[in-house]
Amino acid sequence: MRRTGLERGRILFAGLLLAACCAACGARSCFAAGSLLNKEAPEFVRKDLNGATLNLAHYRGKVVLLNFWATWCAPCQVEMPIFSAWQRRYGPQGLQVIGISMNEEAAPVRRLSARLKLNYPLVMGSVQLAERYGGVLGLPLTYLIDRNGRVRARFQGQTDPIAIEKQLRLLLSQP
Amino acid sequence: MIAALAILLGPQGKVWAAGQWASPSPESALSIPKAQLMQPEELNHLLITRGAQKPLLLDVGFRMLFDESHIPGSEFVGPAARSDGLSALRDRVQPLKRSTFIVIYCGCCPWSHCPNMGPAYHLLQSMGFTHVKALYLPENFEVDWIDKGYLTERGQ
């Protein structure tokens, strides 16, 4: 099958992005949920903590940073103010941060969200949602989803935010 | 930034805090003596070896993570960072002989930040259990257990 120059360029870009991701976060983590990489992000519709409906599909056209976290996860609490800052900084370029809490109850999530003054929507997670994303078996866990709704990067565990931001900026620069 | 906040491990399990070496708080997993840690490969070997003495495996972490995946045969007790989790652990082991071989594990987050392992270990120690091991999962359950291909099962 002959590929057009555009197709070859897309494949090359995807390969480079995957290689960069794995160099940044460690190959074991990237390939642990390798079945999701470069595939459509599993869709979900949930109520956020304010009662509004959050539908992942509505964020097509934006780069989505999907962060699984919990109030008992100390490294998560280091990351979240950074994600808030990115939402402010990169929001006009098309970034949307979404937090998915793996807490069992919403009350501590609301308290921490208020304390950290988070500026992005939060929803409560579930076993089913976690499994659709390849399993959430250690926090923090962050996915980057491109403007076309495809998973482009996965960062498992405590990760240098510079590595995440680098991938984020790359995706924001893509149509 | 995370690196700057990381806790530095020092001699004899000391941590670098506030400009000096100090003993970690009892709530920290870092307070568990190294001799009481069990490496993942060691536990997996025990589990797959016929005739080996099997420990009582207790998950002292969080429900949703346990329901997704856990070590076969392990029992969910609950997060030992919370009083209800500690009570559940106390109730579960109270009738047991103090020589019972117990392995506790969590894997919710990096070892140095785990809120559950320290309280669980110290409770068992205070109750007089003499054969307790803490499964050492440096990063988390996914990276240090699942990614290594060790045994798992799912469900409640």
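Residues numbered from 1 in each chain as written. Chains lettered and ligands numbered in written order. Predicted model: local features only at pLDDT ≥ 70, side-chain atom pairs only at ≥ 80, totals over all residues. Heavy atoms only, no water.

Peer 1: Would you mind showing me how to read the overall build of chain B here?
Peer 2: Scanning chain B from terminus to terminus reveals six helices and eight strands. In chain B, the order of α-helices and β-strands from amino to carboxyl end is α-β-β-β-β-α-β-α-β-α-β-α-β-α. Taken over 156 residues, chain B has a buried fraction of 49%. Relative to all contacts within chain B whose residues are 6 or more apart in sequence, the contacts with residues 24 or more apart total 66%. Element-wise, carbon and sulfur atoms account for 54% of the exposed surface of chain B, whose accessible area totals about 7,300 Å². (Helix = DSSP H or I, 4+ residues; strand = E, 2+ residues; numbered from the N terminus. Buried < 20%, exposed > 50% of the residue type's maximum accessible area, 1.4 Å probe, protein only. Contact = heavy atoms within 4.5 Å. Areas by Shrake-Rupley, 256 points an atom, 1.4 Å probe, with all protein chains shown as cover.)

Peer 1: Where do I start with the interface of chain B and chain A in this structure?
Peer 2: A common way to state how big an interface is: give the accessible area lost once the parts meet. Residue-level contacts link 24 residues of chain B with 29 residues of chain A. Buried area between chain B and chain A, summed over both chains or domains, comes out near 2,300 Å², and the portion from carbon and sulfur atoms is 63%. On inspection of chain B and its partner chain A, the count reaches two salt bridges. Remark: the boundary between chain B and chain A carries nine residue pairs in polar contact (both at pLDDT 80 or more). Residue contributions to the side of chain B that touches chain A peak at five residues, all from helix H3 (residues 63–68) of chain B. (Buried area = accessible area lost by both parts, 1.4 Å probe. Salt bridge = Lys/Arg side-chain N within 4 Å of Asp/Glu carboxyl O. Polar contact = N/O pair within 3.5 Å; in protein donor to acceptor, adjacent residues only side chain to side chain.)

Peer 1: What's the story with the sheet that holds strand E5 (residues 56–59) of chain B in this structure? I'm lost.
Peer 2: Hydrogen bonding along the main chain pairs the strands of a sheet, whether they run parallel or antiparallel. Residues and elements named next belong to chain B. Taken in spatial order, the five strands of this open sheet run E4-E8-E7-E5-E6, and their pairing is parallel. Unpaired on one side and paired on the other, strand E4 (37–38) and strand E6 (75–76) mark the two borders of the sheet. Pairing between E5 and E6: two bridges, direction parallel. Note on E6: the bridge partner recorded for Leu 58 is Glu 75. Set on the sheet, helix H4 (residues 83–93) makes contact with E5, E6 and strand E7 (102–105); between it and E5 the angle comes to about 165°. (Pairing = 2+ DSSP bridges. Axes fitted to C-alpha atoms, helices over the stretch in contact; angles between N-to-C directions.)

Peer 1: Can you walk me through the pattern of salt bridges in this structure?
Peer 2: Pairing between side chains of opposite charge can happen when the charged atoms of each approach one another. Applying the stated criterion across every chain yields a total of nine salt bridges over all chains. Note that Glu165(A) and Arg89(A) form a salt bridge whose closest N and O atoms lie 3.5 Å from each other. Separated by 76 residues along the polypeptide, Glu165(A) in helix H6 (residues 161–172) and Arg89(A) in helix H3 (residues 74–90) bring together distant segments of the chain. With its nearest N and O atoms 3.2 Å apart, the salt bridge here joins Asp67(B) to Arg63(B). Pair noted here: Asp67(B) and Arg63(B) are both in helix H3, with a separation of four residues, about one helical turn. Residue Arg63(B) is classed as partly exposed on the basis of its relative accessible area, which comes to 26%.

Peer 1: Help me understand the side chain of Asn140(B) in this model?
Peer 2: In this structure, Asn140(B) sits in the loop between strand E8 (132–135) and helix H6 (141–146). In contact with Asn140(B), not counting residues within four places along its chain, are Leu137(A), Gly138(A), Leu139(A), Gln156(A), Gly157(A), Gly107(B), Cys108(B), Cys109(B) and Trp145(B).

Peer 1: Just checking my understanding: could you explain the confidence of the model for chain A for this structure?
Peer 2: When pLDDT drops low, the exact placement of atoms in the prediction is not to be read closely. Taken residue by residue, chain A gives an average pLDDT of 86. The fraction at 70 or more is 81%. Per-residue pLDDT stays below 50 along residues 13–32 of chain A; that stretch engages in 33 contacts with residues further than four places along the chain or on separate chains. (pLDDT = per-residue confidence, 0-100.)

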